[in-house]
Amino acid sequence: MRFPVANPVLGKSELKYLQKCLDSNWISSSGALIAQFEEKFAEAFGPGKAVATNSGTMALDLAFHSLELSPGDEVIVPDFTFAGSVSPVCRAQAVPVYCPPAKEHWNMDLNALEPLINSRTKAILAVHLYGQPCDMVKVMQIAKKYDLKVIEDCAEALGAKVNGQKVGTFGDIACFSFFANKVLTTGEGGLCLTRSEEWLEKLLLYRDHGMLPNERYWHRVIGFNGRMTNLQAAVGCGQLESVHEMIEKRKQIHCWYQDVFSDESYFFPIKKGDHIEDVNWLESPVLRPECSLNRDQLCEELLKEGIDTRPFFYPLSSMPAYDKFGTTHANALFFSSHGFNLPTYTSLSKKDVHWIAKKVVELLSLQYKEGSGVTCRLKIP
Ligand SMILES: *Cc1c(COP(=O)(O)O)cnc(C)c1O
């Protein structure tokens with residue numbers, strides 16, 4: 001594969017902290033680098049206190065367990081998101097209620113959200129998908145009006161902003177993922193960020209088997225082992241040294257893709273408002289339905305050129321594990337079947353990105369004709 005979709009860049013600073021970790025001989029979750037990672041992360045992306053976890057999904061599990069929901073309580077979630085956003089709602093015994101994406105962009109349609117609220121609604125899960133933040137100003141207005149808790153899933157949007165304010169600093173608890181393809185990585189890993197001492201105590205309780213830090217072996221609730229290891233934190237400390245540059249580089253990569261794409265009429269224009277500042281976790285074009293190639297055909301051809309892609313997620317409501325919670329809206333189907341992700345990682349050069357983008361455009365200018373087992377390509381005049 002010449003160009004994978006994601007490719008973490010690891011180097012000297014990660015090695016420096018890993019060496020420190022090994023020299024200390026503290027490799028599980030009692031080492032000093034965990035607190036250091038939490039503090040530095042909160043400094044860079046707070047305000048708030050950070051609770052590091054062993055995955056992004058675990059961060060969401062801790063957040064939803066901290067809300068102490070009861071069976072039958074409802075949480076409004078996007079239908080169009082990664083399943084790891086919503087499985088924690090189910091494990092916390094609550095019922096997810098799907099909000100469809102907007103027509104103009106793939107995040108929740110906030111006009112469709114308010115009518116979903118009833119007396120059982122306890123919280124809203126705002127997911128900032130594919131690097132594009134939800135309009136958190138509006139989400140917080142709705143939450144205040146109905147006295148709802150807000151959890152932000154920032155797994156794909158570290159560094160994105162709304163009205164100049166960083167995502168993860170609007171709601172009650174924000175959750176981040178440090179999986180290898182995310183903006184910042186620790187291999188596997190995640191983190192909760194909160195500005196409230198009360199939520200902080202709950203998160204720590206659930207992270208460590210339901211024990212409070214000063215009550216060893218005394219279990220108040222049924223908790224998790226959600227702790228991050230010192231080895232993961234070492235990689236995270238190294239990554240944090242260049243995280244702002246990494247975020248800027250992703251934005252730059254988006255501009256390079258747009259050098260080629262913005263002159264073309266193959267892509268659906270995403271409208272999200274001037275106060276929304278993306279981070280370009282992954283370049284995410286959405287094909288217009290009129291294109292001669294469909295999304296899957298295009299991705300198959302790109303693979304032959306050594307360019308890896310990812311199709312957008314399926315709507316949760318369309319899959320066996322999640323279809324009992326609601327039906328699929330046309331907007332969710334549209335984004336799910338027309339969107340895809342292109343290679344986006346900080347070691348890509350301008351030349352690489354222009355080459356990839358030109359291949360995409362070149363393929364879209366060809367027309368497919370399905371024959372007896374043979375696909376023949378005809379150039380549109
Ligand atoms: C990656 C991701 C998660 C889960 O994070 P893991 O670290 O893989 O457990 C949750 N939500 C979204 C939107 C994600 O992209």
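Further up the page is the structure itself.
Quick summary incoming for the structure in this document. Keep in mind the model is a prediction, meaning the values are calculated, not measured.

## Quick notes on the sheet that holds strand E6 (residues 161–162)
Hydrogen bonds between backbone groups are what pair the strands of a sheet, and the pairing can be parallel or antiparallel. Read from one edge to the other, the open sheet built from three strands follows the order E7-E6-E10, with strand pairing classed as antiparallel. Two strands close off the open sheet at either side, each with one partner strand: strand E7 (165–166) and strand E10 (276–277).

## Considerations on the side chain of Gln 232
Within the secondary structure, Gln 232 sits in helix H8 (residues 230–240). Gln 232 gets classed as buried once you look at its relative accessible area, which sits at 12%. Looking at Gln 232, its side chain comes within polar contact range of the main-chain nitrogen of Thr 229, at 2.7 Å. Setting aside residues up to four positions removed in sequence, Gln 232 forms contacts with Asn 54, Thr 186, Glu 188 and Gly 189.

## Some details on the state of the cysteines
With the rule as written, the count across this model stands at zero disulfides. In this model Cys 154 remains outside any disulfide bridge; the closest cysteine sulfur is found in Cys 175, 7.6 Å from its own.

## Some details on empty space enclosed by the protein
Take a probe with the size of a water molecule and roll it over the atoms, and the empty space left behind shows itself. Scanning the model with the defined rule gives two cavities of 30 Å³ or more in all. Asn 7, Pro 8, Val 9, Lys 182 and Arg 250 are the residues nearest the centre of the largest cavity, which is lined by 16 residues in total. Taken together, the residues of the lining of the largest cavity sort by class into eight nonpolar, six polar and two charged. One number sums up the size of the second largest cavity: a volume of about 40 Å³. Residue lining of the second largest cavity: Cys 154, Ala 155, Leu 158, Phe 176, Ser 177, Phe 178, Lys 182, Val 183 and Leu 184, and that is the complete set. Along the lines of polarity and charge, the residues of the lining of the second largest cavity split into seven nonpolar, one polar and one charged.

## Describing the packing of aromatic side chains
Evaluated as defined, the whole model comprises 21 aromatic pairs. Residues Phe 3 and Trp 355 carry aromatic rings whose centres are separated by 5.8 Å and whose planes lie at 45° to one another, so their mutual orientation is tilted. A residue pair is termed long-range when its members are at least 10 positions apart, and Phe 3 in the segment before helix H1 (12–24) and Trp 355 in helix H12 (residues 350–364) qualify at 352 residues. A relative accessible area of 5% places Phe 3 in the buried class. When the ring of Phe 268 is compared with that of Phe 335, the centres are 5.9 Å apart and the planes differ by 85°; the resulting orientation is edge-to-face. With Phe 268 in the loop between helix H9 (243–261) and E10 and Phe 335 in helix H11 (residues 330–338), this residue pair connects regions lying 67 residues apart in the sequence. On the basis of relative accessible area, Phe 268 is assigned to the partly exposed category, the value being 23%. Within the aromatic cluster, the residues linked to one another by ring pairs are Phe 80, Phe 82, Trp 106, Tyr 130, Phe 268, Trp 281, Phe 312, Phe 313, Phe 334 and Phe 335. Taking NZ or CZ as reference, Arg 2 lies 4.4 Å from the ring centre of Trp 355, over its face.

## Some remarks on the site of the ligand
Taken together, 13 residues sit near the ligand, with Gly 56, Thr 57, Glu 156, Ser 177 and Lys 182 positioned nearest. Between Asp 153 and the ligand, the recorded distance is 2.7 Å, taken from a side-chain N or O atom to a nitrogen atom. Within the side chain of Ser 177, an N or O atom sits 2.7 Å from an oxygen atom of the ligand. Contact with the protein chains hides 92% of the accessible area of the ligand, taken as 380 Å² for the molecule alone. Here the element with the most residues in the shell around the ligand is helix H3 (residues 56–66); it accounts for three residues. By residue class, the composition of the shell around the ligand is four nonpolar, six polar and three charged.

Analysis parameters
Just so you know, the residues in each chain are numbered from 1, in the order the chain's sequence is written. Under the rules for a predicted model, residues below a pLDDT of 70 receive no local features and side-chain atom pairs below 80 are neither given nor counted, while totals for whole chains, interfaces and linings still include all residues. Excluding hydrogens and water, the side-chain figures rest on all heavy atoms present in the structure. What makes two strands pair is DSSP finding at least two bridges between them. Numbering of helices and strands starts at the N terminus; helices are DSSP runs of H or I of at least 4 residues and strands are runs of E of at least 2. Burial classes follow relative accessibility: with a 1.4 Å probe on protein chains only, a residue under 20% of its type's maximum area counts as buried, one over 50% as exposed, and anything between as partly exposed. By the criterion applied in these results, polar contacts are pairs of N or O atoms within 3.5 Å in which, for protein atoms, one can donate a hydrogen and the other can accept it, and in which residues neighboring in sequence qualify only through two side-chain atoms. What makes two residues a contact is simply this: any of their non-hydrogen atoms within 4.5 Å. When the sulfur atoms of two cysteines come within 2.5 Å, that pair is taken as a disulfide. Whether a set of points on the 1 Å grid over the protein atoms alone is a cavity depends on a 1.4 Å probe fitting there but being unable to get out, while an open set qualifies as a pocket with protein on both sides within 12 Å along at least five of seven lines; lining residues are those with an atom within 4 Å of a point. Grid points are joined across faces, edges and corners, and a volume is the space filled by probe spheres set on the points. When residue character is reported, Ala, Val, Leu, Ile, Met, Phe, Trp, Tyr, Cys and Pro are called nonpolar, Asp, Glu, Lys and Arg charged, and the others, Gly included, polar. Between the rings of Phe, Tyr and Trp (Trp by its six-membered ring), a pair exists once the centres lie within 6.5 Å; its type follows the angle of the planes, with under 30 degrees stacked, over 60 edge-to-face, and the other angles tilted. Two limits define a charge over a ring: the Lys NZ or Arg CZ must be within 6 Å of the ring centre, and within 35 degrees of the ring normal. Consider each residue's heavy atoms; a residue with any of them within 4 Å of a molecule or strand counts as near. The accessible surface values rely on the Shrake-Rupley method and a 1.4 Å probe; as for residues, cover is taken only from the protein chains in view.

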